[in-house]
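Fold and geometry: a report
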Amino acid sequence: MSKGSKTLQDIEEIPVAVDNVIKYRSKLEYIAKELLGISPKKIFFIGCGSSYYLALLIQSPLVRVMNHVFSLSLPSSEAFIYYNELFDDKAVVIGISRSGETAETLTALEKAKARGSYTILLSITNESRGKHIVDKYVYLDAGIERSIVMTKSFVTLSLAGLLLTSTIREYYKGEHIKQDYLYSFKNYVEEIIQYKDNYLEKGRMYAEKQIERFVFLGSGPSYAIALEGSLKFKETSYVATEAIHALEFRHGPMATIGENQVEVIINPSGESYDLVYRLYKDIQEYEGKILRLSDRDKPDIVLPNTGAEELSALAAIIPLQIIAIGYALAKGRDPDKPRNLVRYVDRF
Ligand code: F1P
């Protein structure tokens, strides 16, 4: 097997996984309504690594209904170390875990359940220790994920989680993720995969140009994708990357603009579009090397305008995953065998 082929194969199977989530939609909506039935005052989303970042993404539809139900995303470790007091019988705790085995996530769920919270775990693994801990185990069939780094599982669990939380949002106010939004998302994924060589080449070109740092900028749901894009490059190339809430970039990090750095700006239509676009123009003024992903105003990578900001933001991770692989291969790394990493962390 050539370097990176397992990770690329995982990515190429994302459209099938999207189809499976679409088939599972009514069940996810039913689970959301069951959850609403216990009238939670607080909903927590927890996970580790990529699963924490997708917890942030799937929480984003609930930010605008906080005055009805408080919601917060946390790394699982922080949840059980510092936030335990908040887990009570008015709280729902939703864990996300590809493996269903990650020690910090299971510990947080066990503690929350012991304190009376209703616990849910989303996973692409049918049988796991987590399944026997929580009140509700939600298995999404994404097929096997060959690589250690999360790609297909990230998209599958994100889509399923967004269907769950946008059902909750719709109950209070605002609209749901419409079926045709999901199909436009899937069509976009298929198109990116069809032209994957262009994105592999873009990654290779960054290595050739001696790019050594990537700063990912995103606001709202795009910040979660900035974190995940940053992690993909770290995990596959071991390069220094960071994710910053977009407008925070002016407050210090702007000083890092330079010839060996690329600012990756995730800028889909939505609440923050105009302000992030203005930041993009400012960075241009400082002659920053920019990779802007958007559905408007001549982006470097076109995003779909799916009708839901969270979904358009999620779409950005597909080209970023492939660019990360291209960059890693050009640096002589093997994304299928990232150093120091394991499929799941079983102790802490
Ligand atoms: C989460 C995780 C991944 C990370 C690596 C190790 O595992 O930390 O985020 O990229 O693959 O596992 P899980 O709880 O989602 O199984």
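In the block above lies the structure referred to throughout.
Notes on the structure in this doc start here. No experiment lies behind these values; they were computed from the predicted model shown.

1. Let's talk about the layout of surface pockets
Considered as a void within the structure, the largest pocket measures approximately 570 Å³ in volume. For the lining of the largest pocket, the elements supplying multiple residues, two or more each, are α4 (50-59), α10 (221-237) and α12 (309-315). The element contributing the most residues to the lining of the largest pocket is α10, with three residues. Class assignment for the residues of the lining of the largest pocket results in eight nonpolar, 11 polar and six charged. The computed volume of the second largest pocket comes to approximately 410 Å³. In terms of lining residues, the second largest pocket is bounded by 23 residues, among which Cys48, Gly49, Val342, Arg343 and Val345 are the most central. At the level of secondary structure, the elements contributing two or more residues to the lining of the second largest pocket comprise α4, α6 (103-114) and α10. The dominant element in the lining of the second largest pocket, judged by the number of residues it contributes, is α10, at three residues. The residue makeup of the lining of the second largest pocket, split by class, is 10 nonpolar, eight polar and five charged.

2. Observations regarding the pattern of salt bridges
Side-chain pairs of opposite charge can arise where the charged atoms are in close proximity. Under the definition given, this model contains 25 salt bridges. In this structure, the salt-bridge partner of Glu13 is Arg146, at a minimum N-O distance of 2.5 Å. With Glu13 in the loop between α1 (5-12) and α2 (14-23) and Arg146 in the loop between β5 (136-139) and α7 (152-172), this pair connects stretches of sequence that are 133 residues apart. Measuring nitrogen to oxygen at the nearest pair gives 4.0 Å for the salt bridge that ties Arg115 to Glu85. Residue Arg115 is located in the loop between α6 and β4 (118-123), and its partner Glu85 is located in the loop between α5 (76-82) and β3 (91-96); the two are separated by 30 residues in the primary sequence.

3. Here we look at the sheet that holds strand β7 (residues 240-245)
In space, the five strands of this open sheet follow the order β7-β6-β8-β9-β10, with parallel pairing throughout. Edge positions in the sheet fall to β7 and β10 (301-302), since each of these pairs with one other strand and no more. Judged from the five bridges that link them, strand β6 (residues 213-218) and strand β8 (residues 261-266) form a sheet pairing that is parallel. If you follow Phe216 over to β8, its bridge partner there is Val264.

4. Some points on the sheet that holds β3
Strand order in the open sheet formed by five strands is β2-β1-β3-β4-β5, and the pairing between neighbours is parallel. Among the strands making up the open sheet, the edge pair consists of β2 (70-75) and β5. Between one strand axis and the next, the sheet turns through 15 degrees on average, direction left out of account. Bridge analysis of β4 against β5 gives four bridges, and the strand direction is parallel. Following the sheet pairing, Ile120 is matched in β5 by Lys136. Sitting on the sheet, α6 is in contact with β1 (42-47), β3 and β4, with an inclination near 155 degrees to β4. Against the sheet, α7 contacts β1, β3 and β4, and its axis sits at roughly 145 degrees relative to β4.

5. Quick look at the packing of aromatic side chains
Considering all chains together, one arrives at 12 aromatic pairs under this definition. Their ring planes at 55 degrees and their centres at 5.6 Å tell us that Phe216 and Phe233 sit as a pair that is tilted. Of the two residues, Phe216 sits in strand β6 while Phe233 sits in helix α10, which places them 17 residues apart along the sequence. The exposure class of Phe216 is buried, given its relative accessible area of 0%. Measuring from ring centre to ring centre gives 5.4 Å for Tyr277 and Tyr280, while their planes differ by 50 degrees; the resulting arrangement is tilted. Here Tyr277 pairs with Tyr280, and both are found in helix α11 (residues 273-285), just three residues apart, close to one helical turn. Residue classification places Tyr277 among the partly exposed positions, given a relative accessible area of 23%. Each residue in the set Tyr206, Phe214, Phe216, Phe233 and Tyr327 is aromatic and connected to the rest through ring pairs, giving one cluster. Note that Arg292 overlies the ring of Tyr280, its terminal NZ or CZ placed 5.0 Å from the centroid. In this structure, Arg296 packs its charged tip against the face of Tyr273, placed 3.9 Å from the ring centre.

About the cut-offs
Residues numbered from 1 in each chain as written. Predicted model: local features only at pLDDT ≥ 70, side-chain atom pairs only at ≥ 80, totals over all residues. Heavy atoms only, no water. 1 Å grid on protein atoms, 1.4 Å probe; cavity = no way out; pocket = protein on both sides within 12 Å on 5 of 7 lines; lining within 4 Å. Points joined across faces, edges and corners; volume = space filled by probe spheres on them. Helix = DSSP H or I, 4+ residues; strand = E, 2+ residues; numbered from the N terminus. Nonpolar A, V, L, I, M, F, W, Y, C, P; charged D, E, K, R; others polar. Salt bridge = Lys/Arg side-chain N within 4 Å of Asp/Glu carboxyl O. Pairing = 2+ DSSP bridges. Axes fitted to C-alpha atoms, helices over the stretch in contact; angles between N-to-C directions. Contact = heavy atoms within 4.5 Å. Phe/Tyr/Trp six-rings, centres within 6.5 Å; stacked < 30°, edge-to-face > 60°. Buried < 20%, exposed > 50% of the residue type's maximum accessible area, 1.4 Å probe, protein only. Lys NZ or Arg CZ within 6 Å of the ring centre and 35° of its normal.

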